[in-house]
Each structure stands twice: as structure tokens, then as C-alpha cells.
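The primary structure of each chain is shown beneath.
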Amino acid sequence: MEKKYKIITYGCQMNVHESEKIAGILRRMGYEETATEDTADIIVFNTCCIRENAENHAFGNIGALKKLKRNNPNLIIAVGGCMTQEKGKTEILKQKFPFIDIMFGTLNLEELEELIKEKQAGKKRVVRIRETEGEIVEFDGAYRTSYPNAWVNIMYGCNNFCSYCIVPYVRGRERSRKPEHIVAEVKKLVAEGYKEITLLGQNVNSYGTDGLGVSFAELLDAVASIEGKFRLRFMTSHPKDFNEEIVKVMQKHRKIMRLVHLPVQSGSNEVLKNMNRRYTREKYLAEIEMLRSYFPEAEVTTDIIVGFPGETEEDYLLTEDLVKRVNYASAFTFVYSKRQGTKAAAMENQIPEEVQKDRIMRLVALVNSLTRQKSEAYLGKTVEILCEDYDEKKGLYLGRDEFGRMGYFKSEQNEIGNFVDLKITEANGISLYGEKV
Ligand code: SAH
Ligand code: SF4
Ligand code: F3S
């Protein structure tokens, strides 16, 4: 009988892609995927610790496996991802959940096979978490589950130490992959039929500054020069490093989508300073203006935190003002979450929960109203959609346009992986509906 695996993923795109690598390792070992936990022989949690609620989710779901493990002592439970790299967290996990069999970190993901074998050889519990980052281990065995989209790491780690953020502590320092490895990977993906490539890094604009001698703009140019019809995206950009050289490369290649994810975090210079973001609202707005001087149609998405220590009502209103000025296509909005060990956790004047809640509600309403307005502007237009899935319930195919907008349509043939021109007939909030033309 086939052995089965189930992977549960939390967190960002980086983790989603790393789960594809974990799946690749498990399949190489002869495991097959299963949809439910109670039919699995191994369950892997790929955790995130960016905010407290991400951790609470993982704690809850790991805890729920206690009974399953009791009924099936052969079941292997493995926990990896950012939480295991967090100071003191592995100890807490061990104490709370003595039934965890394997713990591994973000810096030694590729060792998972070895760890599973040690466990199978009779070891009670296998814990291996690297404290410092080593050389990048090239791994080309990812089992991708997001066709026609493919994620490609261009770098790992982060050097920025934004004062609220735990990522630099759990992902180590910035390390860039060699451009020839990245180009070879994308070439292979395009040859295999992938239609959308997203280059991934915590701060892609600082690619290569760790001594490679190749800038992000140069890498982007090289990847966009690969032949074939595919869309190219990149994330995340950091406003302190985003620049005109990158926009010029975008202009050179129509393959690069005119959508930039540029997290602003706050519209107040005082808050930005305390967040250690190293740019001002003026610099940020000037970058948007520069981008739109090349592409008036360019869309921008962002991440925003409200309720950062010391944020006043005036600071918050500056964020609202900036959101309106930029006129974002969409935004991920977060309530500040205190992370042990970060600079901001030690700051005075933490903001009361009810004030944070009030601000996030107002901000979400504002962002939604912008998104809705933009939806209406789609009516009657024809846009190119890359079809990525079929919605059984709706009986419709769905895909995204250049700006990440979801569009639904009917078709009698399998459209997944096709570029489809869609005439938009209906727009409701965030989704579009249309007819294939
Ligand atoms: N490297 C990217 C993304 C990092 S995590 C960047 O620099 O933008 C994604 C988002 O989570 C961040 O942009 C930030 O908005 C949010 N975030 C990070 N730490 C947080 C915290 N402690 N509380 C609330 N939101 C946080
Ligand atoms: Fe966190 Fe800042 Fe690094 Fe992004 S750039 S991962 S927010 S420290
Ligand atoms: Fe979470 Fe780690 Fe990503 S903390 S947001 S999974 S880098």
C-alpha cells in the first residue's frame, strides 16, 4: 500500500513554495498526497510566525492531532518552517506537543529525508535546526501544485530588520541564488508549459548586493529575455531600494506585468522612522509617480500595518491619505502584532486593542471602496486572463488579469493554462465576470 503525506502550510508565498519542495522530497521517498489527515502516514506542518494569530493557528492544528497519533502510533508528525527557527519556540513545541516526531528549520529544509529516515530507524524524536545560514543548496525537485503559475526563489533571508518584523531572525541573512541557476530554472519551467513566473524574495530589489555583482534589474532583464509567452512578476519590492532601472527593464519587456507590490506599512514619516523602514512618504509617493510616468496604467498593491507603537490618530490619517493618493489596486492590511525579540516589542506606548481594531476597520473599508471603484471601471472592457482553475460550484473557469484581478467565465473546453480574452459583463467587489471573445 502506498504511504501518504499531507502538508499543512501557513504564511507567505515563500512558505507555499517551500511546501512544494517538501512535497518533492516526500514523493521522492515514495509518498503520495492525500487530502485528509486521518489517511496520512506523515503530516508536515510548514509554520509561520509573522503574527501571533499565525502561530495560534498552528498551535491549534498541531494540538488537534493528539488523538490521531494515539490511534496510529506509526503516524509521523513533522513541524518545520519559521516557528521552529524562533528563539525558544522549539522548546515550547516539545513541551506542549510531546507527540511531535520531527522538527526541522527553514535553513535545513533539504535535510528532511534524512530526518525521516532517522525517525523510521527507531529514534524517538529527531530535532535538527540550523542556527546559521550556510551556502544555498540548489534543489530542483519541487512538486509544483499551482500550474500555470510557478514560484521561483531568487534569494533567501532578509537584512532589513524592520523593527516590528521577525523574519530576519528566523530566515537569516540575505543570500542570492546565482543568476545562471535562476535563468535555467525559469527556462525549464517555461519549456514545461508554465505561463506565469513569480520571482520571490523578502526584498528582491537588494538581489545580488551580497557580492554577486549582478543587480536585480539585470536579473529581471535576463529572465524576461527568455523566449516564450509567459507573464513575469516579482515580489516583494522594498521602497528603500525600488528604482528607475527596474522600471526601465519593465518597459523593455511586455512580459513583465505592470503591477508592483510595494509595501508601504505606514503613511506617517514618524511611524516609518520608528519602523526602521528607511524611506519617507515623500520618497514613496515619488516612486509611484516615477512608475506611472512610464506606465500610466500601472497598478500598485501594498501591505499596511496599523496600531504600531506610538501611532497617533494623525499618523493613522496620514496612512489613509496616502492610500487615497496612491489609489491601490488592493492592500493587505494588518494589525500590529508584538513579536518577542524585535525592537518594537520593547517600545513604550503600545496601542490599545480597541484603537487598533477601530483603525483596521476604517482602513479595510477604505481599501475595499477603492477596489470596488476599480472593478466598476472594468465593465465593458476586454482583458487578458490567464486561466488557472475551474470552480466546480460556480461551473466557471477562473483566472487573473495582468493586475491580479480574478475573472470568471464559461467555456466548454478545458481552459486551464490558456490566455483568454474576456469581455467584462459584471463586476462585484473583487471579482469580475465576463464572456470569452
Ligand atoms: N518582506 C516583505 C514581506 C514581509 S511579511 C516586506 O518587506 O514587505 C508581510 C507583511 O506582514 C509585511 O509587509 C508587514 O506588513 C506584515 N508584518 C510583518 N511583521 C508584522 C507584525 N509584527 N505585525 C503585523 N504585521 C506584520
Ligand atoms: Fe520583515 Fe522588513 Fe525584512 Fe520585510 S523587509 S521581511 S518587513 S524585516
Ligand atoms: Fe511567515 Fe516566515 Fe513567511 S514568518 S510570512 S512564513 S517568511
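Here the structure is shown first, and the text comes after it.
Draft legend 1. The packing of aromatic side chains, seen in detail. As enumerated under the stated definition, the model contains twelve aromatic pairs in all. Taking 5.9 Å as the distance between ring centres and 40° as the angle between the ring planes, the aromatic pair formed by phenylalanine 59 and phenylalanine 97 counts as tilted. Placement of phenylalanine 59 in helix H2 (residues 52-63) and of phenylalanine 97 in the loop between helix H4 (89-96) and strand E5 (102-104) is noted, with a sequence separation of 38 residues between them. Where tyrosine 390 meets tyrosine 397, the ring centres are 4.7 Å apart and the plane angle is 55°; that geometry is what we call tilted. Using a relative accessible area of 33% as the deciding quantity, one classes tyrosine 390 as partly exposed. If you follow lysine 3 out to its NZ or CZ, it ends over the ring of tyrosine 31, 4.3 Å from the centre. The ring of phenylalanine 419 has lysine 229 lying over it, and the distance from NZ or CZ to the ring centre is 4.3 Å.

Draft legend 2. View of the environment of serine 337. Considering the arrangement of structural elements, one finds serine 337 in the loop between strand E14 (330-335) and helix H13 (353-378). You can call serine 337 buried: its relative accessible area is 13%. Between the alpha carbons of serine 337 and asparagine 368 there is a distance of 22 Å; along the sequence they are 31 residues apart. Once you skip the residues sitting within four places of it in the chain, serine 337 turns out to touch Arg51 and Glu52. Side-chain polar atoms of serine 337 contact the backbone nitrogen of glutamate 52, separated by 2.9 Å.

Draft legend 3. Quick peek at the packing of helix H11 (residues 281-294) against helix H12 (residues 313-326). One way to put it is that H11 packs onto H12 with a least axis distance of 11 Å and a crossing angle of 10°. As far as their axial angle goes, H12 and H11 are roughly parallel. Contacts between H11 and H12 involve Arg281, Tyr284, Leu285, Ile288 and Arg292 on the former and, on the latter, Leu318, Asp321, Leu322, Arg325 and Val326. Residues belonging to the contact of H11 with H12 are distributed by class as follows: six nonpolar, no polar and four charged.

Draft legend 4. Quick look at the layout of surface pockets. In this structure, the second largest pocket spans a volume of roughly 600 Å³. What lines the second largest pocket is a set of 25 residues, among which Gln85, Glu86, Lys87, Gly88 and Tyr169 lie closest to the centre. Looking at the lining of the second largest pocket, the elements that each hand over two or more residues are H4 and helix H6 (167-171). Element by element, the count of residues in the lining of the second largest pocket is highest for H6, at four residues.

Draft legend 5. The arrangement of the site of ligand 1 in detail. Around ligand 1 sit 15 residues, and of these Tyr164, Gln202, Gln265, Asp303 and Ser337 come closest. Taking glutamine 202, its side chain carries an N or O atom lying 2.8 Å from a nitrogen atom of ligand 1. Within the backbone of serine 337, an N or O atom sits 2.8 Å from a nitrogen atom of ligand 1. For ligand 1, whose unbound accessible area comes to 540 Å², protein coverage reaches 90%. For the shell around ligand 1, the secondary-structure elements that each account for two or more residues are strand E13 (299-306) and E14. Residues belonging to the shell around ligand 1 are distributed by class as follows: seven nonpolar, four polar and four charged.

Draft legend 6. Molecular detail of the site of ligand 2. Neighbouring ligand 2 are Cys158, Asn160, Phe161, Cys162, Tyr164, Cys165, Val167, Pro168, Gln202, His238 and Arg277. Across the shell around ligand 2, the residue classes break down as seven nonpolar, three polar and one charged.

What counts and how
- Residues numbered from 1 in each chain as written.
- Chains lettered and ligands numbered in written order.
- Predicted model: local features only at pLDDT ≥ 70, side-chain atom pairs only at ≥ 80, totals over all residues.
- Heavy atoms only, no water.
- Phe/Tyr/Trp six-rings, centres within 6.5 Å; stacked < 30°, edge-to-face > 60°.
- Helix = DSSP H or I, 4+ residues; strand = E, 2+ residues; numbered from the N terminus.
- Buried < 20%, exposed > 50% of the residue type's maximum accessible area, 1.4 Å probe, protein only.
- Lys NZ or Arg CZ within 6 Å of the ring centre and 35° of its normal.
- Contact = heavy atoms within 4.5 Å.
- Polar contact = N/O pair within 3.5 Å; in protein donor to acceptor, adjacent residues only side chain to side chain.
- Axes fitted to C-alpha atoms, helices over the stretch in contact; angles between N-to-C directions.
- Parallel < 35°, antiparallel > 145°, perpendicular 65-115°, else oblique.
- Nonpolar A, V, L, I, M, F, W, Y, C, P; charged D, E, K, R; others polar.
- 1 Å grid on protein atoms, 1.4 Å probe; cavity = no way out; pocket = protein on both sides within 12 Å on 5 of 7 lines; lining within 4 Å.
- Points joined across faces, edges and corners; volume = space filled by probe spheres on them.
- Near = heavy atom within 4 Å.
- Areas by Shrake-Rupley, 256 points an atom, 1.4 Å probe, with all protein chains shown as cover.

Geometric descriptors of this kind do not, in isolation, establish any biological role.
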